[in-house]
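As a plain string of letters, each chain reads:
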Amino acid sequence: MLISKLDLVAGARAARGLAIVIDVFRAFTLAPHAYARGVSRIVPVDDLARAREIKALNPDWLLVGERHSRRLPGFDFGNSPTEIEVGDIAGRTLIQTTHAGTQGLCAAIGADEVITGSLVNAAAIVRYVQRRNPDEVSLVCMGHQAREPSPEDDLCAELLAARLEGRPYDTSDVRERLRSAPGAAKFFDPDAHWAPERDFDLCTEVDRFDFVLKLMDGSTKLPWLARLAA
């Protein structure tokens, strides 16, 4: 199994084999939390105008996401797993558009298979990849606003690579290591109401969920994330 680490949207476009698109803060922490709370499906969208268009065609669906970390006008939820924890979302379809994570999902068109990556389901991702046993795995770190690498996504990629290669990786100090990451600053800023401190705790909770989210082709030509057992 060849494991490659790639970065940002260009990396997503270059991904081959089984691609794991990583966004720890916060898109692909939110998505597993949403499925754990019973959403029907999540439709990832890269373009904001397209997301609003899909909403107009499906008024019962919920808009979820951000630009520059902030909830967008008219959206039902921001990119906050804390909001999703208490939101009325069971049985609903979410349209998710974010600055980084969903950009990567939509750009990874050269991969044979695409799943989301984050710390909260890292062990499940490893089990899934080992079961699939692909020739090539592409770890795509979407970074800060898909513009520059981020410590949290790099750490997640390191963790996944180590476990896939059978090497030990200490996760006991993950929160301490990521507390000083540039992307974590918003969680500890009292004025950043769109990024509650609990988001940091939820995003750094390693191995909470035992499933993966795979990008699927939808019958209505809309891609969607399917929850699959690891």
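Everything below is about the structure printed above this text.
A short tour of the structure in this document, coming up. Computed from a predicted structure; not experimentally measured.

## What about the nonpolar core?
Counting 46 residues, the largest nonpolar core has Tyr35, Ile42, Ile89 and Leu94 as its most contacted members. If we ignore the near neighbours within four places in the chain, the residues touching Leu94 are Ala34, Val39, Arg41, Ile42, Val43, Leu62, Val64 and Ile89.

## A closer look at the pattern of salt bridges
Tallied over the entire structure, the rule returns 13 salt bridges. The residue Lys55 makes a salt bridge to Asp76 at a minimum N-O spacing of 3.9 Å. Of this pair, Lys55 sits in helix α3 (residues 48-57) while Asp76 sits in the loop between β5 (70-71) and α4 (81-86), and the two are 21 residues apart along the sequence. The class of Asp76 is partly exposed, set by a relative accessible area of 29%. A salt bridge links Glu158 to Arg177, with the nearest nitrogen and oxygen atoms 3.9 Å apart. With Glu158 in helix α7 (residues 151-164) and Arg177 in helix α8 (residues 174-179), this residue pair connects regions lying 19 residues apart in the sequence. With relative accessibility at 38%, the residue Glu158 sits in the partly exposed group. In this structure, a network of salt bridges that share partners links the residues Lys5, Asp7 and Asp154.

Thresholds applied
Residues numbered from 1 in each chain as written. Predicted model: local features only at pLDDT ≥ 70, side-chain atom pairs only at ≥ 80, totals over all residues. Heavy atoms only, no water. Core = buried A, V, L, I, M, F, W, Y, C linked by side-chain atoms within 4.5 Å. Buried < 20%, exposed > 50% of the residue type's maximum accessible area, 1.4 Å probe, protein only. Contact = heavy atoms within 4.5 Å. Salt bridge = Lys/Arg side-chain N within 4 Å of Asp/Glu carboxyl O. Helix = DSSP H or I, 4+ residues; strand = E, 2+ residues; numbered from the N terminus.

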